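# Structural overview for review
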Amino acid sequence: MKKLFLHITLFFSLVCFSQNEQLAQYYYDKGDFEKAKISYEELLKEIPLNSQYFLRIIDCSQQLQQFESAEKALQQRLEKHNQGNLLVELGYNFQLQKNDAKAKIYYEQALDRIKKNPNDVFGISNSFERKVLLEYALKSYQTASALEPNFNFNYQIGLLYGQLSNMEMMISTFLDEAFANPQNSIRIQNQLVRFMVDEGDANFNELLRKALIIRTQKNQDVFWNHYLSWFYVQQKEFEKAFIQEKAIYKRNPESLTTIVNLGQLAIDEDNAEAAKEILGFVLENTQDLELLIQANSYLITMKIEKASENDFVAISAELDGLLKQFEISPFTLSLQLIQAHFTAFNLKKPEEGKAIVKRALELQLNDYQVANTKMELADILLFEEKFNQALIYYSQIELDLKNDVMAHEASLKAAKTSYFKTDFAWALKQFKELKSANTQLIANDALEYFLLINDNTAADSTQTALKQFAKGDYLLYQNRNQEAIAQFQSILKNSKGQGSRAMLEQAKQIEAVTLLRLGKIYEKKGDFALALSQYQMIIDHHSDGIYIDEALYFSAEIYNKQLLPEKAKPLYEKVLFNHQDSIYFVEARKKFRQLRGDTNL
């Protein structure tokens, strides 16, 4: 009984202590430093060695301009515990009083502490960094490193150089550390990327490129070829990255996997020429079955995406030839599914496509291969307007691979299926959930459809225009592009037709997204002038809508890649200054800087 009473007493003591800590934090966050100070003093009485509570009391005293009280408390604690970081706190207390000479004395004393005992660097450097005394923090790390060879503060030193805008020293320190300790490379690359796309000055990319090239020339270690290849991939200069990867392969011809992945990245960025060159090199230099199938799968997919109907016979024959060469097996599943999709969606022979998929399902496949194959079967069923059957297969994938990326993709396709069959209430619920998906592409796609349904349901309770729009999207899904164009043009015509003012306002709600769809279709067909005209109508007549940033960015991309790059610059600039929350903001900034001549990329 006594033990039980003791446990209950201890429990309530801990609860009360936790509540007091929360109360102190509340006062501090609120800016009520008088009450916060009293609360932290009470907490410190309970745990006198708690340095966090003590430093909060000092902070509150300084906020209240009680500098003498803070100095006295710091001196007393220094005499009692002799901690080096308290010298930094004392110096900062004088700095707040504009007494820089006195502050410097204490800061130098803190550095002297490190000279006598390098282990003091941890507390002292941390205090300097918290006070944003970056030069002193840098000196503290450098001093300790010089005295104790086992200490490695290169990463922290590199960060400090970056914060001090000394880009050359930051790059040099980071690269030296990456080479000496390759296990830190990923962390260092993440920091470099921040400066490449977010925080760096205009010359950062060029400084990094030159530093890497110099190291590649001076040191024959393939480490630097890998790093330079990584740099060029960040810049989307795949041809230059390929030169580095070839150099690596010639010196160490063990695997072409990295080069295959580079080809995939080039495809993702729509750099077909680079992708063909890269994957062609793979086909010429490997007998590895998996790599051969992977490279051929990427190449044939590229052909299909760019093909006209005149190319279909040749592509069909090529697919037959590849499957004859490599045979029907789990290893060639990717080629089999490409053939099934091509047969159903391009040749418009869904029964034959399903037969190919069902044959694949009879093979000895792993869980992911089964899910991938079922996904293709569901896609073809959706093509045939067999909505409920498609939903069954999408649901099976969701259940079989819970929380996997493929499961999220199946969920998105299920939501689109509901959208195509105009079950907007259910589709809206699914898209709402998928907006928070871990995969950015799925989240963005879900958000787009959520806004589309939500906005147009609010504007038109009958959902008449939305139903017509969903029909156009479904025609696009079926690869019936000309019919989709006619459907979207019909929506535009109706939005400008006769009717009550309310009806016309409802129809106009869908006009901007309809123009956006038409623009993307014309882009895909290579009719860039017509695509630009659709985007321009959004810019001219829907500048206050949610699609304006896309219209600006897509227009800029056409000018930059296909027509006159100089005309892209003001369009990128409008995204930068007027649409900072756009998902295209980072890419627009990078390309604007390139066109302005900030970097020699």
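Before going into details, it helps to say that this report is about the structure given with it. This is a predicted model, so every value here is computed, not measured.

For Asn85, the position within the fold is in helix α5 (residues 85-95). What Asn85 contacts, discounting residues up to four positions off in sequence, is Gly123, Ile124 and Ser127.

Looking now at the environment of Gln364. Its place among the elements puts Gln364 in the loop between α20 (350-361) and α21 (367-383). Judged by relative accessible area, which is 72%, Gln364 ranks as exposed. Distance in space between the C-alpha atoms of Gln364 and Ile538 is 51 Å, their sequence separation being 174 residues. Look past the residues within four positions of Gln364 in its chain and what remains in contact with it is Pro330 and Gln369.

Two numbers describe how helix α16 (residues 272-285) lies on helix α17 (residues 289-306): the axes approach to 10 Å, and their chain directions differ by 155°. Classed by the angle they form, the pair α16 and α17 counts as roughly antiparallel. Between α16 and α17 lies a crossing whose hand is left-handed. Along its contact with α16, which presents Ala272, Ala275, Lys276, Leu279, Val282 and Leu283, the element α17 presents Leu291, Leu292, Ala295, Asn296, Tyr298, Leu299 and Met302. Its residues assigned to classes, the contact of α16 with α17 comprises 11 nonpolar, one polar and one charged.

Attention now moves to helix α22 (residues 387-400). When the terminal C-alpha atoms of α22 are compared, their 20 Å separation across 14 residues agrees well with the 20 Å that a helix rising 1.5 Å per residue should span. Regarding α22, the residues found buried are Phe387, Ala390, Leu391, Tyr394 and Ile397. Across the axial projection of α22, the buried residues extend over an arc of 120°, all falling on one side. Within α22, the exposed residues directed more than 90 degrees away from the buried face are Asn388, Leu399 and Asp400.

Parameters and conventions
- In this numbering scheme, every chain counts its residues from 1 along its sequence in written order.
- Note on the predicted model: pLDDT of at least 70 is required for a residue's local features to be given, and 80 or more for side-chain atom pairs to be given and counted; whole-chain, interface and lining totals, by contrast, use all residues.
- Computation of side-chain values covers all heavy atoms of the structure but excludes hydrogens and water.
- Only runs of H or I of at least four residues qualify as helices and only runs of E of at least two qualify as strands under DSSP, and these elements are numbered from the N terminus.
- Contacts: residue pairs with any heavy atoms within 4.5 Å of one another.
- The classification of residues rests on relative accessible area computed with a 1.4 Å probe and restricted to protein chains. Under 20% of the type maximum is buried, over 50% is exposed, and intermediate values are partly exposed.
- Geometry is summarised by axes, namely lines fitted to C-alpha atoms with helices restricted to the contacting stretch, and by angles between N-to-C directions that run from 0 to 180 degrees.
- Angles below 35 degrees are treated as roughly parallel, those above 145 as roughly antiparallel, those between 65 and 115 as roughly perpendicular, and all remaining angles as oblique.
- Less than a right angle of anticlockwise turn of the near helix away from the far helix marks a crossing as left-handed, whereas a clockwise turn marks it as right-handed.
- Three categories are distinguished: nonpolar for Ala, Val, Leu, Ile, Met, Phe, Trp, Tyr, Cys and Pro, charged for Asp, Glu, Lys and Arg, and polar for the others, with Gly belonging to the last.
- One less than the number of residues in a helix, times 1.5 Å, gives the span that helix is expected to have.
- The directions considered for the arc run from the helix axis to the C-beta atoms.

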